[in-house]
Amino acid sequence: MTIRDSSVLMMENGGSCLPCTPDEERQIVQDLKNQSDLDLKEGNLYFLISTRWYRSWERYVCGDEPSIDNISFDSPHMNGVSSKRAERPGPIDNSDIIQNGNGSSEGDDLEVRRNLEEGQDYVLVPQQVWEKLFCWYKGGPALPRKMISEGIVNEKRVEVFLLCLKLIDSRDNSQTVIRLSKKASTRQLYEKVCKLRGIEQEKARIWDYFNKQRSTSPLDVSDQTLDDAMLQMDQDILLEVQVDNGISMDSTGNDLALVPIEPSRSSLTIAGGPALSNGHTTGYRFNQYPGSSFGSTFMDMDDGYDSYNTAKKGEKGGLAGLQNLGNTCFMNSALQCLVHTPDLAQYFLGDYSDEINTENPLGMHDNSLASQQFYIGSEFVVTIQGELALAFGDLLRKLWSSGRAAVAPRAFKGKLARFAPQFSGYNQHDSQELLAFLLDGLHEDLNRVKQKPYIEMKDSGGRPDEEVANECWKNHKARNDSLIVDVFQGQYKSTLVCPVCSKVSITFDPFMYLTLPLPSTVTRTMTVTVFYANGSGLPMPFTVTLMKHGCCKDLILALSTACCLKIDEGLLLAEVYNHQIFRFFENPAELISSIKDDEHIVAYRFDRKQGGKIKLEIVNRWQEKSASDYLKGSERKLFGAPLVTYLEEEHLSGADIDIAVSKLLSPLRRTYSSAKAHGGKENGFLPEVIDELSNSHNESVETAELEDLCSRELSFQLSLTDERISSCKPIQKDSILKPGKHIKVLLDWTDEVHELYDPSYIKDLPVVHKTGFTVKKTRQEAISLFSCLDAFLTEEPLGPDDMWYCPQCKEHRQATKKLDLWMLPDVLVFHLKRFSYSRYLKNKLDTFVNFPILNLDLSKYMKSKDGESYVYDLFAISNHYGGLGGGHYTAYAKLIDENRWYHFDDSHVSPVSEGDIKTSAAYVLFYRRVKTKDVSIFTPSPPEARVEELVLIINGWLVNNYVNLA
């Protein structure tokens, strides 16, 4: 992908670079976005812009609106009434989203950081929007990316991370990094390589050199995409060049004959059936599975080597790692958990060919003719159905038959990208979302129901729960009957009650996994700095916890308790941005979800008697001293947090403002001053005023003293300004200020002010919540899995966006909903809801959840008694370490035959003790029902392990019940 320089694009576009007002910029960008949305097609050009810069531009053009994409053009903000705006941002700055050391190049040769997340780190804007922004602000560097189509449904998305290939020249072993779209053709790859190395295309051969293993044949010069050729991020490709005698030499002088290599004829099987070899069938043997179910020219080389290596003598299967193909740790973690699910392993290691549903329209298959033609040994086979099941079974067999050699799941990733484009590319994804897709896809591929009947669901109608539950499950099985349903699906009871007519609706729904909220996810921790509006104390930060769906009123109540607010005092909440008040939270019903974790929130403590009077905002600024400052007269800079107070007089003078500033600064007064007496006035200070203030050690200035000061010249350099600080007017002693509800004044911190007052108290405001990136493992902060399950089963009202249509009222109602467990599956999967997303917030909780490893008894939660065991043992965990966008996934899995745990970290596999698998990184838990026959099959845990588990369970119970016991 070759992208021209942005300035050239601008010249050709003929766009005007005339200055625009913020409202005009916003309108132009919004119109261009709307126009681009009407013409979404492959090949459209988009540009990455740092979220940091883009949000500052949004604040400039949108004021206190959260985002330009969420503005209603009928709102007051769009009708000529400007909301509070930030300063105009500087040039576009994308330096924080590009790789270090890449700042000198642009376009497709410029690599962005791999751990970026859209919205959090960067935004994508259409080419026309980029051209306008570049026209107005310049800067860069430009990061163009194209829209591509992916999957069998041709889903459109912008390819943010280009395919990075390491070209190794066999002549001198030199290495060059090449970046191309994964939708580029092999022909384009040849053209770029030949141009880069200065060779004729007819003499070049490029080989897939994954894992330093050369493929069976070179890449063809064709229109096949690099994605279809299964080239992966950061993998090697090998260049060989033909010389005049037809031989290419490597760096050691060895001949590299360019002789076509005939594809291997090794036999392979489909779905675990008998292998075909020279027309004869042979019996299946566990450790000698001979081939792949994909049977193309890369059938034995998709992993860079013969992936069906026989395990060495004495080695057991199931200990192979998965290579990371570029941010695929999420996939590796999920796959290891599924591969080590005993029921799945036993099924896919056997013959499941008869279970592939060849007629299911919801199954994973590609209708294109090319994808349905392949060889099995010497046999030509047409029409593949159930491709996801075949790919998963193929990968599972590799992992169970390759000893400890790591497997590269290239073929599986290719199939996954085809059927689920959301998991394509090289972004980090959610392992639980992948698990949900895989289980659903495997179910459809293996569904024993060929034609799904239409079944009309009936209301419970007051019938017994057992009758309704059995009817719902029977109807579900009539349409869904597979191994996945047999092993993973359970049933819960859902009860809805209308708040108006009390209509009760009971349904019984199937589930594949249970998403459990962490009790801490319903609350939110916020830090707010409280200032005294009367200058009677130093500012102090307070951290409070409240319901995350609460409002500003709840925040004020929590702060009132934390700071011991008096009965005649009130709190005024405000957001500080760019060292001035960005907005006041004067509506107590405003949701705190509008406050982001990285914002600075303050509260001004005032006497209720003063509420509703004139509001005075003092903004601090200073001038950094340097030799050039005195010559150039550089602008002063804002700093610190603004101070706010209320004034009662309607007709204010400069002296009144001066007294108010003295009151607000009094807590900041230093205990001594080095000020020296001067013979005359300097920087607005009289020497006798300095002496008088510096000799005073009281925390507040007496009213009589202030009145005495009022009779003299002003003590501070003050200037009256507007909301945007676009103009300043010096305040004199006898200046009369026009009455208004809000007066904004600039306070210049001169050297004398610095000597008398300490500005450190108003600097460095803490953010609302600082998210940590380390995994905590403190049992003291633990919550139990049972408390998560209790939160999941607690009755709660539906959200305003999830209203229920009451058949009796004939209207949508905000009903109350109650879930109960009715039937549990053999394999029970718990998804701990660590990630929370909203319009304003993205957050991850690293709370430690104390979960049983053995004997998880769920009997008390069951509403039915079907005679099954409700006791479960843990056998796999998907872990997530780190924060949003930049984390890492691993897995713990237990080999049932060994009764031993292992840690699967991509390619690396190592044993781990049972006591170490409990961490705050646990994300998805896999439990297996304990059956009577299991006791005689597997070796029981040693007594010391049982004792350790019992101690952990008791400790967890004590931690979670400490408050109640106290």
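Refer to the structure above for everything that follows.
Source: prediction; values computed, not measured.

Asks: Would you mind going over the sheet that holds strand β22 (residues 569-577) in detail, with residue names and values included?
Replies: Hydrogen bonds along the backbone pair up the strands of a sheet, which may run parallel or antiparallel. Taken together, the 5 strands give an open sheet; going across it, the order is β21-β20-β24-β22-β23, and neighbouring strands pair in mixed fashion. Lying at the two open borders of the sheet, with one neighbouring strand each, are β21 (540-547) and β23 (580-585). If you compare each strand with its neighbour and ignore which way they point, the axes differ by 40° on average. As paired elements, strand β20 (residues 523-532) and β21 share 8 bridges and run antiparallel to each other. Following the sheet pairing, T527 is matched in β21 by T543.

Asks: Account for the environment of Y122, with residues named and values stated.
Replies: Along the chain, Y122 turns up in strand β3 (residues 122-126). Between the C-alpha atoms of Y122 and W53, which are 69 residues apart in sequence, the distance is 9.1 Å. With residues up to four places along the chain from it excluded, the contact list for Y122 reads L48, I49, S50, T51, I97, L116, E117 and V160.

Asks: With reference to specific residues and values, describe the packing of helix α8 (residues 387-401) against helix α10 (residues 431-445).
Replies: Between α8 and α10, the least distance of the axes is 8 Å, while the angle of their chain directions is 115°. It follows from the interaxial angle that α8 and α10 lie roughly perpendicular. Read as a crossing pair, α8 and α10 show a hand that is left-handed. Within the contact between the two elements, α8 uses E387, L388, A389 and F392 and α10 uses F437, L438, G441, L442 and D445. Looking at side-chain class alone, the contact of α8 with α10 contains 6 nonpolar, 1 polar and 2 charged residues.

Asks: An account of the environment of K450 is needed here, citing residue identities and associated values.
Replies: Within the secondary structure layout, K450 lies in the loop between α10 and α11 (465-479). C-alpha separation for the pair K450 and E359, spaced 91 residues apart in sequence, amounts to 6.1 Å. Apart from the residues within four sequence positions on either side, K450 is in contact with I356, N357 and E359.

Asks: Now, about the nonpolar core: what can you tell me, with residues and values included?
Replies: Ranked by internal contacts, the top residues of the largest apolar core, which has 61 residues, are F348, F392, F412 and F488. Beyond its immediate chain neighbours, meaning those up to four positions away, F392 contacts L335, L338, V339, L344, F348, F412 and L442. The next biggest cluster of nonpolar side chains, apart from the first, holds 40 residues, and it includes Y604, I657, V661 and L756.

Asks: Would you mind going over the pattern of salt bridges in detail, with residue names and values included?
Replies: Across all of its chains, the model carries 40 salt bridges by this definition. Each of the salt bridges in this network shares a partner with another, and the network as a whole consists of R59, E575, R583, E590 and E599.

Definitions and limits used
Residues numbered from 1 in each chain as written. Predicted model: local features only at pLDDT ≥ 70, side-chain atom pairs only at ≥ 80, totals over all residues. Heavy atoms only, no water. Pairing = 2+ DSSP bridges. Helix = DSSP H or I, 4+ residues; strand = E, 2+ residues; numbered from the N terminus. Axes fitted to C-alpha atoms, helices over the stretch in contact; angles between N-to-C directions. Contact = heavy atoms within 4.5 Å. Parallel < 35°, antiparallel > 145°, perpendicular 65-115°, else oblique. Left-handed = near helix turned anticlockwise from the far one by under 90°. Nonpolar A, V, L, I, M, F, W, Y, C, P; charged D, E, K, R; others polar. Core = buried A, V, L, I, M, F, W, Y, C linked by side-chain atoms within 4.5 Å. Buried < 20%, exposed > 50% of the residue type's maximum accessible area, 1.4 Å probe, protein only. Salt bridge = Lys/Arg side-chain N within 4 Å of Asp/Glu carboxyl O.

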